[in-house]
Amino acid sequence: MTIRLALIGFGKIAHDQHLPVVQASPAFTLAATVSKHGQGIDGTPHFDDLADLIASGIAVDAVSICTPPQVRRAVALHAIAQGWHVFLEKPPASTLAEVELLRTAAEEQAVTLFASWHSRYAPAVEPARTWLAEREIRAVKVAWREDVRVWHPGQQWIWEPGGFGVFDPGINALSIVTHILPRPLVVEQAALDIPENLAAPIAARVSLRDTAGVPVAINLNFRQEGPQSWDVAVETDAGTLTLSKGGDELALPDGDATLPAVGDHAEYTALYARFADLVQVGASDVDITPLRLVADAFLSGRHDRVEAFIE
Ligand code: NAP
């Protein structure tokens, strides 16, 4: 039987990725969409909020929560209480304690909780991890620099407390780095630039180190015009590995790596396959490592006020 799934928070990522992937998946049937201001799609019931979906009595087995992080805990707890499996967009919540609360609630209800990190499923990430496993790593540099006006137009929630600012995309870099590097990381220093009119950082520099002393330097910027970069460079004893385009491309010291051919929506197709497997075996997958490092950067970093940003 297919998993009857409702999409909650029907915004950009729900339309761009979740909807086409769920519609194409043999493992899922789209049961409903939920969003206050948005429109649904023809032929699928649409509700203003989760309470209305529950009251409708429509049969649902699982939900994907694609809202901003600030409201995710309340929505997820409500869904878990119905006995529904839950797929969380990244970041899994606004705080670490919220994620622990969700993990406990899911365990108590015996439902699957999947804290997804889509960038880990980019096609070059696993090959990079495999290549690095046999090398001595010397240093890592991450440049995640994008134009917020282009990629997040009108997303006011990003600038609110709990919206993460430039760490909203930056946490994707951390999800990749924590997956491809062999040892745990600790934040040593961080500097967060917060526009004087907003509540979240527009740029950040974070220095981390792994348990063998390897330095990892992360540079995040939302004011990048011109060429955009979502790059990870790993210096090793055998030369430098470069992951670019958010994990879509891989260059090795002796040339570009040959990657398996993947179709459109590769990351989300793999994420939904993983979710279906977890549901089938009755397991959860909740890795808080990238969120913990972001929290540590906020906790230990300098917070400097910088010039106002007007979209
Ligand atoms: P978005 O376009 O702003 O969509 C957010 C959706 O959540 C809207 O449908 C909104 O609809 C609903 N929502 C519920 N409560 C809300 C609130 N308090 N404030 C604002 N919206 C609220 O955002 P998005 O880009 O899809 O991102 C959603 C999540 O997916 C984020 O955590 C983001 O990090 C993650 N993500 C985004 C991308 C991307 O490329 N954009 C990629 C991967 C992951 P209603 O107001 O109608 O309810």
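Residues numbered from 1 in each chain as written. Predicted model: local features only at pLDDT ≥ 70, side-chain atom pairs only at ≥ 80, totals over all residues. Heavy atoms only, no water.

A.B. asks: For this particular structure, what's the right way to read the overall build of the chain?
C.D. replies: Of regular secondary structure, the chain possesses 9 helices and 15 strands. Whereas a compact globule of 311 residues would reach a radius of gyration of roughly 19 Å, the chain reaches 20 Å, a difference of no more than 12%. Dimensions of the chain, computed from C-alpha atoms along their principal axes, come out at roughly 60 × 45 × 35 Å. A total of 311 residues make up the chain; the buried ones form 50% of that total. A separation of at least 24 residues holds for 71% of the contacts in the chain among residues at least 6 apart in sequence. For the chain, the accessible surface area stands at approximately 13,800 Å², while carbon and sulfur atoms represent 51% of it. Positive and negative charge centroids in the chain, built from 23 and 39 side chains respectively, lie 5 Å apart. (Helix = DSSP H or I, 4+ residues; strand = E, 2+ residues; numbered from the N terminus. Rg over C-alpha atoms; globule rule 2.2 N^0.38 Å. Buried < 20%, exposed > 50% of the residue type's maximum accessible area, 1.4 Å probe, protein only. Contact = heavy atoms within 4.5 Å. Areas by Shrake-Rupley, 256 points an atom, 1.4 Å probe, with all protein chains shown as cover. Lys, Arg positive; Asp, Glu negative; His and termini not counted. Charge placed at Lys NZ, Arg CZ, Asp CG, Glu CD.)

A.B. asks: Whenever I open this one, the site of the ligand confuses me. Can you help?
C.D. replies: In the neighbourhood of the ligand, 23 residues make up the surrounding shell, with Ile13, Lys36, His37, Arg72 and Asp168 lying closest. In the model, an oxygen atom of the ligand is placed 3.1 Å from a nitrogen or oxygen of the Phe10 main chain. Relative to its unbound accessible area of 870 Å², the ligand is 77% covered by the protein chains. (Near = heavy atom within 4 Å. Polar contact = N/O pair within 3.5 Å; in protein donor to acceptor, adjacent residues only side chain to side chain.)

A.B. asks: So what exactly am I meant to see when it comes to the pairing of strand S2 (residues 28-34) here?
C.D. replies: In regular strands, side chains alternate between the two faces of the sheet. Of all 7 residues in S2, 6 are buried; the element is thus mostly enclosed. Note that strand S1 (residues 3-8) and S2 share 6 bridges and pair parallel. Note on S2: the bridge partner recorded for Leu5 is Leu30. Regarding topology, helix H1 (residues 12-24) serves as the crossover connection from S1 to the parallel S2, and that connection is right-handed. Sheet topology note: the S2/strand S3 (residues 46-47) ladder contains 2 bridges and is parallel. Across the sheet, the residue bridging to Val34 is Phe47, located in S3. (Pairing = 2+ DSSP bridges. Right-handed = clockwise from strand over helix to strand, strands pointing away.)

A.B. asks: I would appreciate a short explanation of the sheet that holds strand S14 (residues 255-256) in the present structure.
C.D. replies: For sheets, the rule is that strands pair by backbone hydrogen bonds, running either parallel or antiparallel. Overall, mixed pairing links the 9 strands, which are arranged S14-S13-S12-S11-S7-S10-S9-S8-S15 in an open sheet. Among the strands making up the open sheet, the edge pair consists of S14 and strand S15 (302-306). Sheet analysis places strand S12 (residues 239-244) next to strand S13 (residues 249-252), joined by 3 bridges and oriented antiparallel. Pairing of Ser244 across the sheet is with Glu249, part of S13. Against the sheet, helix H7 (residues 167-180) makes contact with strand S7 (137-145), strand S8 (185-195), strand S9 (203-210), strand S10 (215-221), strand S11 (229-236) and S12, and its axis sits at roughly 160 degrees relative to S7, the strand it touches most. Against the sheet, helix H9 (residues 289-300) makes contact with S8, S9 and S15, and its axis sits at roughly 65 degrees relative to S8, the strand it touches most. (Axes fitted to C-alpha atoms, helices over the stretch in contact; angles between N-to-C directions.)

A.B. asks: It is not clear to me how H7 should be interpreted in this structure. Could you clarify?
C.D. replies: Residues spaced three or four apart along an α-helix point in a common direction, a consequence of the helix completing one turn every 3.6 residues. For H7, built from 14 residues, the straight-helix expectation of 20 Å at 1.5 Å per residue is met to within 8% by its first-to-last C-alpha distance of 19 Å. A large share of H7 lies buried, amounting to 14 of its 14 residues. (Expected span 1.5 Å × (residues − 1).)

A.B. asks: Quick question: what am I supposed to make of the environment of Ile13 here?
C.D. replies: Along the chain, the position of Ile13 falls in helix H1. Look at Ile13 and you get partly exposed, because its relative accessible area is 29%. Residues Ile13 and Cys66, spaced 53 residues apart in sequence, show a C-alpha to C-alpha distance of 7.0 Å. Here Ile13 is in contact with His18, Cys66, Glu89 and Tyr268, once residues within four sequence places are set aside.

A.B. asks: What should I look at first to understand the sheet that holds strand S6 (residues 113-115) in this one?
C.D. replies: Spatial ordering of the open sheet is given by S3-S2-S1-S4-S5-S6, a layout of 6 strands whose pairing is parallel. Of all strands in the sheet, those with a lone pairing partner are S3 and S6, marking the two edges.

A.B. asks: Quick question: what am I supposed to make of the side chain of Thr112 here?
C.D. replies: Of note, Thr112 is situated in the loop between helix H4 (96-109) and S6. Among the residues examined, Thr112 registers a relative accessible area of 1% and is labelled buried. Separated by 2.9 Å, the side chain of Thr112 and the backbone oxygen of Ala283 make a polar contact. Leaving out residues up to four positions away in the same chain, Thr112 has contacts with His85, Val86, Phe275, Leu278, Val279, Gly282, Ala283 and Ser284.

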